[in-house]
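# Inside the fold
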Amino acid sequence: MTALGPQTRGDGDAPARWEQTVGSGPRPGTGPEWQRLHPLTPLIAALRSVVLLVLVLAEDSRNRSAGVSTTLIILGAITFVLLLGGLVRYAVTKWALDGATLRVETGLLRRDARQFPLARIQAVDVVRPFLARALGLAEVRVRLAGSGRANGRLAYLSAPVALDLRARLLAGHHGLDQSTPEPAEQPLATVPPGRLVASVLLSPAAAIAVGLVIAVIAVTSVSRAATAAVGGSLLVYALSFAHHTWKRVADQYGFSVGLAPDGLRIRRGLLSTVAETIPFARVQAVRKVEPLTWRPMGWCRLEVDVAGSAGREQGTSRLTRALLPVGPTATADWMLSSALGLKQFELSKPPRRAAWKAPLSYHFLGSAYQGSVIGASKGRTKKTTTWMPLGKAQSIRWVEGPLQRPLHLATVRVDAAGRGVVADLRDRDSEEARRIFDSLLLASRSGRHSAAGKAPGPETTQGADTSPTSLTAPARAADGTAQPLRDGPPPRGLTYGQPPAPPSELA
Amino acid sequence: MRKAELSVAAVIALVAGVASAGGAGSVPGMIGAVVGVAVLGATLLWLSLRRYRAWAYQEREDDLMVSRGVMFRRMSVVPYGRMQFVDVTAGPAERIFKLATVKLHTAAAASDARIPGLEREEAARLRDHLAELGEARAAGL
């Protein structure tokens, strides 16, 4: 496959290159320009473990007073092995941006050659773990649809190279010339540290912590002997709570989200930083989450669903789906309408008799669809409202459970790409559910058809390139133009170059 | 369409019968066991028949509709353009009766359009037909 790639490109002298491209290994001058990772990469792999090992061994030697020399030998050996592993990985890994495909080859014994068609990118992230950041390095992560294993990781590149690569990947994704510079962005929202810390402290975990402290005080006042026993377990809990809080704060610290022609840009992180870019057409659904504990402050969280799984990768801070980790409801509403072009509408409540089936969540149940958007809310203490454009529907289901049948209720579920991305029109009247089901089918069909009809012909910027492009071009165009989430403004994803008009609310 | 499940029910009933007959020593025990097995078998048969009758699928112009379930009645509709791939599987019980299951996969993890107990030829035909339609109308994500 890799040998075929360069050969099928549209230049005239392709056949002459055939003999050269059949051979394995790097093909200087012929195919894509293979590049290596940054030379400091193996050092980071070793450093991270060494820091950990030093801590562990130091603790160990203090406790058991083992000889310093053995500790050092063990430490040295492990470091050496890690360094060697890193060096080998560095030596066998190479990458290239070849037309509309990102290629990554790695593996010493088991060669692993992967291709990432730019048209299929779901999101591009630049992740900078603390150690890498200290050395001026960054990791580029390309998210494709499917499991986390489908993602492409390039760890590590020097920061400028990583940023340049991201710009080229996104330009290629939007069918533009890859030398197009990264467009300017329009800031949408930031999260001040104070609010972030407050929001983490206002979580159920914090409530439990407070409850425990009160319980401990109560126990202490009753019996001194019990204090020691309770204190020990409390310490463990306190530590894990502190860790959890720290992680949440450090992950989302300095959160800022911006709007650029190439997508939504999210930046966050205290020690390790993450910069995500999500093309608009890749947004499958948006969710507004309002936990009980945040209600007095009028805060909510905004989440976005992308088909590419963020996945937890080793070592680097994990990617969340927050578009706004915590913010006033007004800001979230404004972001929905202005950035995503989503007009929120009133959700209708299911019939009163649905309270018999869902007594604890009836108060938040609501659903409706209007135009080409489905809205659905649910939750017991935490109200979750999902907005999903019908054009993203992968399948539509109608379910009638044994509890619903005597009450003449039914649920209509609309699935979008990804895991657990679903909008539930829950517990509607049977007749109504049937009507909704039928009209959703019709609407989603016309949505897909109009998308296909409106779609401009496949872009030819890549020349007569590989089949992946021609295969995915209609899909991409359909996504670009169909985007019911942004039916107001023109699809910015396809009109690079002119910065988005500043939303008047910001001024 | 779905004889496989019946056979499974029969096998379970048979196994249960053999087990209880072996376990019971006395005559009333034997009678009880036989009656129990008969009742169990009949119930399972009845349940499977009901479930069998609930399964239905329809190849429509633009999408495939699958309905199923007795307790939880479900209806799934998957537009052909959303299909990522089609699976045809045949478990041991299905193989005995020359049956197969066709399953449609979309990019959504929750989509569950599955048609069990198809004749093998019908399954193959359906698979090819679906794959063809899916390719013609591919809609991407």
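Remember, predicted model here, so these are calculated numbers, not experimental data. (Residues numbered from 1 in each chain as written. Chains lettered and ligands numbered in written order. Predicted model: local features only at pLDDT ≥ 70, side-chain atom pairs only at ≥ 80, totals over all residues.)

### Overview of the overall build of chain B
Scanning chain B from terminus to terminus reveals four helices and six strands. Starting at the N terminus, the α and β elements of chain B follow one another as α-α-β-β-β-β-α-β-β-α. Here chain B holds 141 residues, and the buried ones make up 26% of them. (Helix = DSSP H or I, 4+ residues; strand = E, 2+ residues; numbered from the N terminus. Buried ≥ 20, exposed ≤ 12 C-beta atoms within 10 Å, placed from the backbone.)

### So, the overall build of chain A
Across its full length, chain A carries 13 helices and 20 strands. Counting the 507 residues in chain A, one finds 38% classified as buried. Long-range pairs, those at least 24 residues apart, make up 59% of the contacts in chain A with a sequence separation of at least 6. (Contact = placed C-beta atoms within 7 Å.)

### Some thoughts on the interface of chain B and chain A
Contact residues are listed per partner, giving 23 residues for chain B and 28 residues for chain A. The greatest single-element share of the side of chain B that touches chain A, amounting to seven residues, is contributed by strand β3 (residues 73-79) of chain B. Of the residues that constitute the side of chain B that touches chain A, the class distribution is 14 nonpolar, five polar and four charged. Note that strand β18 (residues 393-400) of chain A and β3 of chain B share five bridges and pair antiparallel. Considered in β3 of chain B, the bridge of V399 of chain A is made with R74 of chain B. (Nonpolar A, V, L, I, M, F, W, Y, C, P; charged D, E, K, R; others polar. Pairing = 2+ DSSP bridges.)

### A look at helix α9 (residues 224-252) of chain A
Residues and elements named next belong to chain A. Between the first and last C-alpha of α9 there are 41 Å, a value that for 29 residues agrees with the 42 Å anticipated at 1.5 Å per step. Approximately 25° is the largest bend angle found in α9, and it occurs at V230. Count one or two residues on from α9 and you reach G254, which has phi positive near 65°. (Expected span 1.5 Å × (residues − 1). Bend = angle between axes of the 7 residues up to and from the residue.)

### Focus on the sheet that holds strand β4 (residues 112-117) of chain A
Residues and elements named next belong to chain A. Sheet architecture is open: four strands sit in the order β1-β2-β3-β4, paired in antiparallel fashion. Strand pairing shows two members of the sheet lacking a second neighbour, β1 (35-36) and β4, which therefore form its edges. Alignment of strand β3 (residues 101-106) against β4, held across six bridges, turns out to be antiparallel. The residue bridging E105 from the neighbouring strand is A113, located in β4.

### Structural notes on the sheet that holds strand β19 (residues 409-416) of chain A
Judged by pairing direction, the sheet is antiparallel, and its six strands sit side by side in the order β20(A)-β19(A)-β18(A)-β3(B)-β2(B)-β1(B) without closing on themselves. Looking at which strands have only one partner, the edges of the open sheet turn out to be β20 (422-429) of chain A together with β1 (56-59) of chain B. Taking each pair of neighbouring strands and ignoring which way they run, the sheet shows an average axis angle of 15°. Here strand β2 (residues 63-68) of chain B pairs with β3 of chain B via six bridges, running antiparallel. Pairing of R68 of chain B across the sheet is with R74 of chain B, part of β3 of chain B. (Axes fitted to C-alpha atoms, helices over the stretch in contact; angles between N-to-C directions.)

### So, the pairing of strand β12 (residues 283-290) of chain A
All names here are of chain A. Counting buried positions along β12 gives seven out of eight residues, so the element sits mostly inside the fold. Here β12 pairs with strand β13 (residues 299-306) via six bridges, running antiparallel. Across the sheet, A285 pairs through a bridge with D305, a residue of β13. Pairing geometry for β12 and strand β17 (residues 383-389), over five bridges, is antiparallel.

### Looking at helix α10 (residues 329-338) of chain A
Residues and elements named next belong to chain A. Considered for burial, the residues of α10 that qualify are A332, M335 and L336. Projected onto a plane normal to the axis of α10, the buried residues spread over an arc of 100° and lie on a single side. Buried residues along α10 sit in contact with β8 (186-190), β12, β13 and β14 (322-328). (Arc of directions from axis to C-beta.)

### Examining unusual backbone geometry
Residues and elements named next belong to chain A. Of note, the bond from A155 into Y156 is cis; its omega dihedral lies within 30 degrees of zero at 0°. Here Y156 shows up in strand β7 (residues 152-158). Of note, H408 is a non-glycine position whose phi angle comes to about 55°, a positive value. Relative to the helices and strands, H408 resides in the loop between β18 and β19. Although it is not a glycine, D427 adopts a positive phi angle of roughly 55°. Here D427 lies in strand β20.

### Digging into the nonpolar core
If you look at the biggest cluster of nonpolar residues, it comprises 112 residues, and the most contacted ones within it are A138, L157 and V286 of chain A. Apart from the residues lying within four places of it in its own chain, the contact partners of V286 of chain A are L302, V304, L336, L340, L342 and W387 of chain A. (Core = buried A, V, L, I, M, F, W, Y, C linked by C-beta atoms within 7 Å.)

### Quick notes on the packing of helix α7 (residues 193-201) of chain A against α9 of chain A
Residue and element names in this part refer to chain A. Remark: α7 packs on α9, axes separated minimally by 10 Å, with the N-to-C direction vectors making an angle of 145°. You can see that α7 and α9 cross each other, and the crossing is right-handed. In this structure, α7 uses L196, V197 and V200 to contact α9, whose residues at the interface are T245, R248, V249 and Q252. (Left-handed = near helix turned anticlockwise from the far one by under 90°.)

### What about the confidence of the model for chain A?
On average, residues of chain A score 77 in pLDDT, and 76% of them are at 70 or above. Every residue in residues 1-29 of chain A is under pLDDT 50, and counting partners more than four places away or in other chains gives 33 contacts. (pLDDT = per-residue confidence, 0-100.)

### Some points on the packing of helix α8 (residues 204-222) of chain A against α9 of chain A
Residue and element names in this part refer to chain A. Contact pair α8 / α9: the axes reach a minimum separation of 11 Å and the direction vectors enclose 165°. One element, α8, and the other, α9, form an angle in the roughly antiparallel class. For the pair α8 and α9, the crossing hand works out as left-handed. Two secondary-structure elements touch here, α8 through A205, A209, L212, V216, V219 and T220 and α9 through A226, T227, V230, L234, Y237, F241 and H244. (Parallel < 35°, antiparallel > 145°, perpendicular 65-115°, else oblique.)

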